[in-house]
Structure formats: C-alpha cells, structure tokens
Amino acid sequence: MSTPEQNKELVLRAFDTLFHQRDYAAAAELWSEDYIQHSRHIAPGRDGLFDLVRSLPPTLRYEHQLAVADGDYVILYGRYSGTGQTASVVADVVRIDNGKLAEHWDVWEDEATRTESASDSPMFGDTFPPER
C-alpha cells in the first residue's frame, strides 16, 4: 500500500516520463495495462494516451503548479503548452492501483492571458511556475 505522498511522486514522475522524456517503454511501466482514460479528446486506454503524445510536437511542455494527493487519488493542476495552439490549463485527476496509474479524468480550459482575463491577472499569477 502506497502513501498519498508516494502516489503524488509517482504521478509527477509518470507525467515527466511521458510528456517530457517521451520514453514510452518507461511510461508503460508506470501506467496500468488496463488504464482507463475518461477524456473526450483522447482515445481509450494507455495506447490512446501514448498515441496522442506521439502525435504532438516535441515542443510540448507540461508544467504543474499544484499536486494534491488523497489516498489513491492525485490531482495535478498544470499547464500544457508548446503545441502551436493556445496553452491549456488542466486539472488532471489520477487514480493509482497497485503502484500504477489506473484511471484518469481531466478538466481543460484555454489559458487566459492577462489582457484576456476579466480580473487583469494571468491564470497562474505572475510567477508560473511557482518557485519550489
């Protein structure tokens, strides 16, 4: 049984392995073979996610601002950029089972710039990503 902190570290490592390193063999060790992807824009399963990442330009970046873990669930709040489209702000919810990413939900929103924001503030403040 892993702790919430271990689950958070696992999800952060998995996202780095897939989205930045693009190491699909290593990522396959972190995602369950029975992975369930609950996203409108991503084909089912681990292969659907991996195929999506393969189709994206190598300039893709994922930056997380916040990671919260509760039991077997981890929520990442972050930003995807470098696709040639408007950057997206995303809340990713991941369920861990047997030490692997087993299930995923997300909520996507186009990033609002300071000039687009009704509050005159960028979505991540002036220091995204925050200093850790």
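In this text the structure is predicted, and so the values were computed from the model without any measurement. (Residues numbered from 1 in each chain as written. Predicted model: local features only at pLDDT ≥ 70, side-chain atom pairs only at ≥ 80, totals over all residues. Heavy atoms only, no water.)

Q: Summarise the overall build of the protein; cite the residues concerned and give the values.
A: When helices and strands are counted, the protein shows three helices and five strands. Reading the secondary structure of the protein in the N-to-C direction produces α-α-β-α-β-β-β-β. When each of the 132 residues of the protein is scored for burial, the buried share is 37%. (Helix = DSSP H or I, 4+ residues; strand = E, 2+ residues; numbered from the N terminus. Buried < 20%, exposed > 50% of the residue type's maximum accessible area, 1.4 Å probe, protein only.)

Q: Now, about the nonpolar core: what can you tell me, with residues and values included?
A: The nonpolar side chains of soluble globular proteins are, as a tendency, buried together. Grouped together as the largest cluster of nonpolar side chains are 25 residues, with contacts concentrated most on V11, F15, L18, F19, W31, L49 and L101. Secondary-structure elements contributing two or more residues to this core are helix 1 (4–20), helix 2 (24–28), strand 1 (31–38), helix 3 (45–55), strand 2 (61–70), strand 3 (73–81) and strand 4 (88–97). When residues no more than four places from it in sequence are discounted, the contact partners of L49 are L18, F19, W31, Y35, Q37, I42 and A43. (Core = buried A, V, L, I, M, F, W, Y, C linked by side-chain atoms within 4.5 Å. Contact = heavy atoms within 4.5 Å.)

Q: Account for the side chain of H104, with residues named and values stated.
A: Residue position: H104 is located in strand 5 (residues 100–110). A polar contact of 2.7 Å, which involves the side chain of H104, links it to the side chain of D92. The contact partners of H104, leaving out residues within four places of it in the chain, are Y35, I36, Q37, H38, S39, D92, V93 and V94. (Polar contact = N/O pair within 3.5 Å; in protein donor to acceptor, adjacent residues only side chain to side chain.)

Q: Before we move on, could you go through the sheet that holds strand 1 and cite the residues and values that matter?
A: Pairing is mixed across the open sheet formed by five strands, whose spatial order is 1-5-4-3-2. The sheet terminates laterally at strand 1 and strand 2, the two strands that pair on one side only. Ignoring strand direction, the axes of neighbouring strands in this sheet form an average angle of 25 degrees. One ladder, built from 10 bridges, connects strand 4 with strand 5; its direction is antiparallel. When the bridges of strand 5 are listed, V94 appears paired with H104. Most of the contacts of helix 1 go to strand 2, to which it runs at about 165 degrees, and overall it touches strand 1, strand 2, strand 3, strand 4 and strand 5. (Pairing = 2+ DSSP bridges. Axes fitted to C-alpha atoms, helices over the stretch in contact; angles between N-to-C directions.)

Q: Which residues make up the pairing of strand 5, and what values do they have?
A: Inspection of the sheet shows strand 1 paired to strand 5 by four bridges, in the parallel sense. In the strand pairing of strand 5, Q37 is matched with H104.

Q: Just give me the short version of helix 3, but keep the residues and values in it.
A: When helix 3 is considered as a whole, its buried residues turn out to be G45, R46, G48, L49, F50 and V53. Close packing links the buried residues of helix 3 with helix 1, helix 2 and strand 1.

Q: Requested: an account of the packing of aromatic side chains, with residues and values cited.
A: Applying the stated criterion to the full structure yields 11 aromatic pairs. Between W31 and Y35, the ring centres sit 6.4 Å apart and the planes meet at 85 degrees, which makes this aromatic pair edge-to-face. The buried category is assigned to Y35, whose relative accessible area is 6%. Taken together, the ring pairs connect F15, F19, Y24, W31, Y35, F50, Y62, Y80 and W108 into an aromatic cluster. (Phe/Tyr/Trp six-rings, centres within 6.5 Å; stacked < 30°, edge-to-face > 60°.)

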